[in-house]
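Structure at a glance
Chain by chain, the residues run as shown.
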Amino acid sequence: MKTKTALLVSLLIFVSGIVLSIIHTLDVFTGLIIATGIVFIIPGIINIATLSSAKQNDDDDEKKGKQGSRFQVICGLISGVGSVIMGISMIGWNEMFIKFLPLIFGSILVFGGCFHICAMAMGFRPIRLPLWLYILPILLIAMGLSVIFINKDTLLDHHIVLMTGIGLIIFAINAFIELWFIRKIKSPTKRKAESEVIDVEEAK
């Protein structure tokens with residue numbers, strides 16, 4: 001990933017973390033499930049609505065082509081209807097899906113911490129980074145495991161949202177630090193490469 005792209009992604013994650021930290025007292029879980037349900041419903045309806053256009057060329061196709069076209073229509077219909085049913089289920093029975101969100105949020109934090117540990121341990125070879133840089137990824141993993149395993153009667157939904165928001169902020173800060181170290185490491189190498197460039201005019 002290029003440095004500018006990584007910086008932009010990190011900024012978006014940082015902003016997402018701040019937003020979650022601010023709105024953690026709201027019913028975020030229900031809002032997320034309803035929003036995801038809508039995301040399923042809209043493409044499903046669009047997919048079903050566009051299936052009629054697939055039937056227009058049936059008269060000009062051969063038998064094999066017709067079978068292929070019909071197969072595509074059937075697959076598209078199943079996909080569209082399934083997407084709509086899934087979306088309606090998520091909106092109508094959101095409490096059933098909310099139970100999975102702590103696992104998803106916790107897993108995101110754990111994977112985020114593991115990603116940074118691997119990136120710093122292997123991505124900077126042969127340079128060894130200071131051990132204190134591993135504090136933030138380890139903290140991220142600890143927060144994720146807490147979200148997954150702590151009893152949900154003790155760790156309420158708004159606690160999980162707040163921890164996730166803080167975790168995203170930590171992830172972004174860790175990414176900023178890594179990008180700073182990458183720039184710091186590359187600068188001397190770039191200056192050295194520039195000093196080794198031969199001036200063609202002087203060589204003549």
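Residues numbered from 1 in each chain as written. Predicted model: local features only at pLDDT ≥ 70, side-chain atom pairs only at ≥ 80, totals over all residues. Heavy atoms only, no water.

**Points about a nonpolar patch on the surface**
- A cluster of nonpolar side chains, Ile34, Ile38, Ile42, Ile46 and Ile91, forms an exposed patch at the surface whose accessible area comes to about 390 Å².
- Per-element accounting of the nonpolar patch gives the leading share, 4 residues, to helix H2 (residues 28-49).
- Mapped onto the elements of the fold, Ile46 is located in helix H2. (Patch = residues over 30% accessible without salt bridge, like charges linked within 9 Å, V, L, I, M, F, W, Y side chains within 5 Å. Areas by Shrake-Rupley, 256 points an atom, 1.4 Å probe, with all protein chains shown as cover. Salt bridge = Lys/Arg side-chain N within 4 Å of Asp/Glu carboxyl O. Helix = DSSP H or I, 4+ residues; strand = E, 2+ residues; numbered from the N terminus.)

**Re the environment of Ile45**
- Tracing the backbone through its elements, the reader meets Ile45 in helix H2.
- With relative accessibility at 48%, the residue Ile45 sits in the partly exposed group. (Buried < 20%, exposed > 50% of the residue type's maximum accessible area, 1.4 Å probe, protein only.)

**Details of the layout of surface pockets**
- When its volume is computed, the second largest pocket comes out at roughly 230 Å³.
- Lining the second largest pocket are Thr3, Lys4, Leu7, Phe176, Leu179, Trp180, Ile182, Arg183 and Lys186.
- Elements with a contribution of two residues or more to the lining of the second largest pocket: helix H1 (3-22) and helix H7 (157-195).
- By residue number, the principal contributor to the lining of the second largest pocket is H7, which donates 6 residues.
- Tallied by class, residues from the lining of the second largest pocket come to 5 nonpolar, 1 polar and 3 charged. (1 Å grid on protein atoms, 1.4 Å probe; cavity = no way out; pocket = protein on both sides within 12 Å on 5 of 7 lines; lining within 4 Å. Points joined across faces, edges and corners; volume = space filled by probe spheres on them. Nonpolar A, V, L, I, M, F, W, Y, C, P; charged D, E, K, R; others polar.)

**As for the confidence of the model for the protein chain**
- Of the residues in the protein chain, 80% have a pLDDT of 70 or more, and the chain-wide mean is 81.
- Ranking the helices and strands of the protein chain by mean pLDDT puts helix H6 (residues 135-149) first, with 94, and helix H8 (residues 200-203) last, with 42. (pLDDT = per-residue confidence, 0-100.)

**A short note on the nonpolar core**
- Phe29, Ile33, Val147 and Ile160 are the most contacted members of the largest nonpolar core, which has 22 residues in total.
- In terms of residues, this core owes the most to one element, H7, which gives 7 residues.
- Excluding anything up to four places from it in sequence, Val147 contacts Pro102, Gly106, Leu109, Lys152, Leu155, Ile160 and Met163.
- Listed in part, the 6 residues of the second largest apolar core include Met120, Leu133, Tyr134 and Phe181. (Core = buried A, V, L, I, M, F, W, Y, C linked by side-chain atoms within 4.5 Å. Contact = heavy atoms within 4.5 Å.)

**Some remarks on the state of the cysteines**
- Counted by the stated rule, this structure contains 0 disulfides.
- Cys114 carries a free sulfur, and the closest cysteine sulfur to it, the one in Cys118, is 6.5 Å from it.
- Judged by relative accessible area, which is 41%, Cys118 ranks as partly exposed. (Disulfide = S-S within 2.5 Å.)

**Things to note about the packing of helix H5 (residues 101-122) against H6**
- Where H5 meets H6, the closest approach of the two axes is 7 Å, and the angle between their N-to-C directions is 160 degrees. In terms of orientation, H5 lies roughly antiparallel with respect to H6. As for the relative orientation of H5 and H6, their crossing is left-handed in sense. Contact with H5, carried on its side by Pro102, Leu103, Gly106, Ser107, Leu109, Val110, Gly112, Gly113, Cys114, His116, Ile117 and Met120, involves Pro137, Ile138, Leu140, Ile141, Met143, Gly144, Leu145, Val147 and Ile148 of H6 and no other residues of that element.
- Residues belonging to the contact of H5 with H6 are distributed by class as follows: 15 nonpolar, 6 polar and no charged. (Axes fitted to C-alpha atoms, helices over the stretch in contact; angles between N-to-C directions. Parallel < 35°, antiparallel > 145°, perpendicular 65-115°, else oblique. Left-handed = near helix turned anticlockwise from the far one by under 90°.)

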